[in-house]
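For reference, the chains in residue letters:
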Amino acid sequence: MDWNELKDLDFPQLQLDSEDQRILKVLAERLQDNYPYAKANYAGQMIKPPHHLAQAAHWMTSFVNPNNHALDGGRATSALELECVVALGNMMGYEKPLGHLTSGGTVANLEALWVARQANPTTKVLANAQAHYTHERMSEVLGMDFGTVRADAHGRMDLQDLADQLSALKQSNRTATIVATLGTTGIGAVDPLDKIIPLAHSFGARVHVDAAYGGYFKLCSLPNTCDNDAFAAINLADSVVVDPHKHGLQPYGCGAVLFKDPSEGKYYKHDSPYTYFTSNELHLGEITLECSRPGASAAALWATLQKFPLVLGGAMYNRLDKSLQAAKGLSSTLNTHGYWTLEPAMDICIFSKPGASASEISARNRAFFESKAAQDIHLALFKLSREQCPWNLEWDQENLVVIRSVLMKPEHNSPDLWEAIANS
Ligand SMILES: Cc1ncc(COP(=O)(O)O)c(C=O)c1O
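Residues numbered from 1 in each chain as written. Predicted model: local features only at pLDDT ≥ 70, side-chain atom pairs only at ≥ 80, totals over all residues.

Re the confidence of the model for the protein
Should pLDDT be low for a region, the predicted coordinates there are not to be read in detail. The following threshold applies: Each residue carries a pLDDT score, the predictor's own confidence in it, on a scale running from 0 to 100. The secondary structure listing takes helices from DSSP runs of H or I that are at least 4 residues long and strands from runs of E that are at least 2 residues long, numbered from the N terminus.
For the protein, mean pLDDT is 96; residues scoring 70 or higher make up 100% of the total. When pLDDT is averaged over each helix and strand of the protein, the minimum, 95, is found for helix 1 (residues 18-30) and the maximum, 99, for strand 5 (residues 206-210).

What follows is the structure, given as structure tokens:
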């Protein structure tokens, strides 16, 4: 639906008086002030329009307004949420996953780190220097020691640095919770999880996977074999986060945290003098840190999974594969036009205008970004570190500002769009 159509929306079955209707018209006007997220010409940040089925299911359920904290407040939607957890967990290779939906990837990762701390209070969180900033911040919230592991030239966690840090911790009788990112926010790099797991086991470390962005690509074949090997090892990790509100076609407010060992639910154990009386069955509030949570998110995800089951080669796979093709197509079009590009690992393209020095090229990239926006083509920018930069240039500043394009929609698989981006 085009946003302009919001202005003509009619809600015949709702009890809306004339004042309500006037306010909604004003709201529809105010909502016009946005980037065109749902259109192909928006290829900037990680923003993907939800499927209309998900939106309809979410809206429908909002009339019941269930609360998935306890069965007291959301019987039907708690059952739907448990089905979603099984579907997401099975996609990751967990046989009997324990987990739940969250408001997003930040809270989902917080919970995974919190469980790691409950299991081992002195554990140190080790994450790729390119991991999402949330890990450092949430470690701070949890009072956990945090450190970064060097990224290699492809943005993947450097195994030697990881091994050295694990050895150093061992000297002081400590161990780590390694956060492996499968799909970094900046460039979509995939940490070598298949190699991290045996290393972790040899040092008694825990492994958490942040697949908030990349998790759904478990259904696909990625361009690099080593990245596919990493994805194939998720079933061996202790916990994993995936965000249905990124690639899973959901409206915002839908992340998920999953644990391999269902007995880890014990860390959440608490009693509530107010709830949990209606049934002896599991109340989701008994295994979550958040209390009230929208049953509507579970309903929307459940409905989406009926149409887009998480199976290899299915409808969800087809959509994601178009995104991978789009990144490949845009990258080779840009190459033909003389841009510098990084080989995309997922559906994120990083490219740059060529030039001599970091400051000059950064300025050219910023100008390019703005000139594209003026043409109604919306991209993003990214600060590329020197270690990840494969191009020869003079480093007169710390980072290089490059152009970043996240191609999350099947509509991005369009040679016309790639040409429009590449044409100066
Ligand atoms: C890898 C990764 N982890 C965590 C997050 C945070 O997720 P959210 O924005 O849903 O809180 C993001 C967001 O982009 C991400 O890409």
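Description of the nonpolar core
Generally speaking, soluble globular proteins have nonpolar side chains that are buried together. Condition: Linking buried Ala, Val, Leu, Ile, Met, Phe, Trp, Tyr and Cys residues through C-beta atoms within 7 Å yields a set, and such a set is a nonpolar core. Note on burial: count the other C-beta atoms lying within 10 Å of the residue's C-beta; 20 or more is buried, 12 or fewer is exposed, in between is partly exposed, and C-beta positions come from the backbone. These domain limits were set by an automatic method or by a database of domain assignments. What counts as a contact is two residues whose backbone-derived C-beta atoms lie within 7 Å of each other.
With 115 residues, the main nonpolar core has Ile-178 and Leu-193 as its most contacted residues. Both of domain 1 (61-307) and domain 2 (315-422) provide at least three residues apiece to this core. If we skip the residues at most four places from it in the chain, Ile-178 touches Leu-126, Leu-162, Ile-196, Ala-200, Ala-205 and Val-207.

Some thoughts on the site of the ligand
Using the following cut-off: Proximity of a residue to a molecule or strand is defined by its backbone-placed C-beta atom lying within 6 Å of that partner. Classification convention: Asp, Glu, Lys, Arg as charged; Ala, Val, Leu, Ile, Met, Phe, Trp, Tyr, Cys, Pro as nonpolar; all other residues, Gly among them, as polar.
The ligand sits among 14 residues. The nearest are Gly-104, Gly-105, Thr-106, Thr-185 and Ala-212. It is helix 4 (residues 105-119) that provides the largest number of residues to the shell around the ligand, a total of three residues. Residues that form the shell around the ligand fall into these classes: three nonpolar, nine polar and two charged.

Let's talk about the domain arrangement of the protein
Domain annotation for the protein reports domain 1 (61-307) and domain 2 (315-422). The straight-line distance from the C-alpha centre of domain 1 to that of domain 2 is 29 Å. The interface of domain 1 with domain 2 comprises 20 residues on the first partner and 17 residues on the second.

Quick look at helix 10 (residues 315-336)
Put simply, the rule reads: Multiplying 1.5 Å by the residue count of a helix minus one yields the expected span of that helix.
The terminal C-alpha atoms of helix 10, which comprises 22 residues, lie 32 Å apart, in line with the 32 Å expected from a rise of 1.5 Å per residue. Among the residues of helix 10, Met-316, Tyr-317, Arg-319, Leu-320, Ser-323, Leu-324, Ala-326, Ala-327, Leu-330, Ser-331, Thr-333 and Leu-334 are the ones counted as buried. Packed against the buried residues of helix 10 are strand 8 (340-341), strand 9 (348-352), strand 11 (400-406) and helix 12 (415-422). Positive phi appears at Gly-338, one or two residues downstream of helix 10, with a value of about 90°.

Observations regarding the sheet that holds strand 4 (residues 176-181)
Convention followed: Only strands joined by at least two bridges in the DSSP assignment are considered to pair. Here, axes are lines fitted to C-alpha atoms. For helices the fit covers the stretch in contact, and angles between N-to-C directions go from 0 to 180 degrees.
Here we have seven strands laid out as an open sheet, ordered 1-7-6-5-4-2-3, and mixed in their pairing. Strands with a single pairing partner mark the edges of an open sheet, and in this sheet they are strand 1 (98-102) and strand 3 (145-149). In this sheet, neighbouring strand axes are inclined to one another by 20° on average, regardless of whether the strands run parallel or antiparallel. As paired strands, strand 6 (residues 239-242) and strand 7 (residues 255-259) are joined by four bridges and run antiparallel to one another. When the bridges of strand 7 are listed, Val-240 appears paired with Leu-258. Sheet contacts for helix 6 (residues 159-171): strand 2 (124-128), strand 3 and strand 4; angle to strand 3, the most-contacted strand, approximately 150°.

Describing helix 11 (residues 358-374)
The criterion, for reference: For this quantity, the arc is that covered by the directions from the helix axis to the C-beta atoms.
Relative to the 24 Å expected for 17 residues at 1.5 Å per residue, helix 11 spans 24 Å between its end C-alpha atoms, a close match to the ideal helical length. Those residues of helix 11 not exposed but buried are Ala-358, Ile-361, Ser-362, Asn-365 and Lys-372. All buried residues of helix 11 lie within an arc of 100° about the axis, which places them on one face of the element. Those residues of helix 11 that are exposed and angled more than 90 degrees off the buried face are Ala-367, Glu-370, Ser-371 and Ala-374. Tucked inside the fold, the buried residues of helix 11 contact strand 9, strand 10 (380-384), strand 11 and helix 12. Looking one or two residues beyond helix 11, the residue adopting positive phi is Asp-376, at roughly 70°.

Some points on the sheet that holds strand 9
What the four strands build is an open sheet, ordered 8-9-11-10; its pairing is antiparallel. Each edge of the sheet is formed by a strand with only one pairing partner; in this case those strands are strand 8 and strand 10. Sheet topology places strand 8 next to strand 9; two bridges connect them, and they run antiparallel. Bridge pairing in strand 9 links Thr-341 to Phe-351. Of the strands in this sheet, strand 8, strand 9 and strand 11 are in contact with helix 10, which crosses strand 9 at around 10°. Strand contacts of helix 11: strand 9, strand 10 and strand 11, with the helix running at about 35° to strand 11, the strand carrying the most contacts.

Side note on the environment of Val-207
By the secondary structure assignment, Val-207 is in strand 5. With 24 C-beta atoms counted inside 10 Å, the residue Val-207 sits in the buried group. In this structure, the C-alpha to C-alpha distance between Val-207 and Gln-388, residues 181 residues apart in sequence, is 25 Å. Residues within four places of Val-207 in sequence aside, it is in contact with Ile-178, Ala-180, Ile-196, Ile-197, Ala-200, Ala-237 and Asp-238.

Focus: the pairing of strand 2
In plain terms, the rule: Crossovers are described as right-handed under a simple rule: with the strands pointing away from the observer, the path leading from the first strand over the helix to the second runs clockwise.
Along strand 2, five of the five residues are buried, which leaves the element largely enclosed by surrounding structure. Across five bridges, the pairing between strand 2 and strand 3 is parallel. In the strand pairing of strand 3, Lys-124 is matched with Asp-145. For the crossover from strand 2 across helix 5 (residues 134-142) to strand 3, the handedness is right-handed. Pairing analysis gives four bridges linking strand 2 to strand 4, with the strands arranged parallel. In the sheet register, Val-125 faces strand 4, and the bridge partner there is Thr-177.

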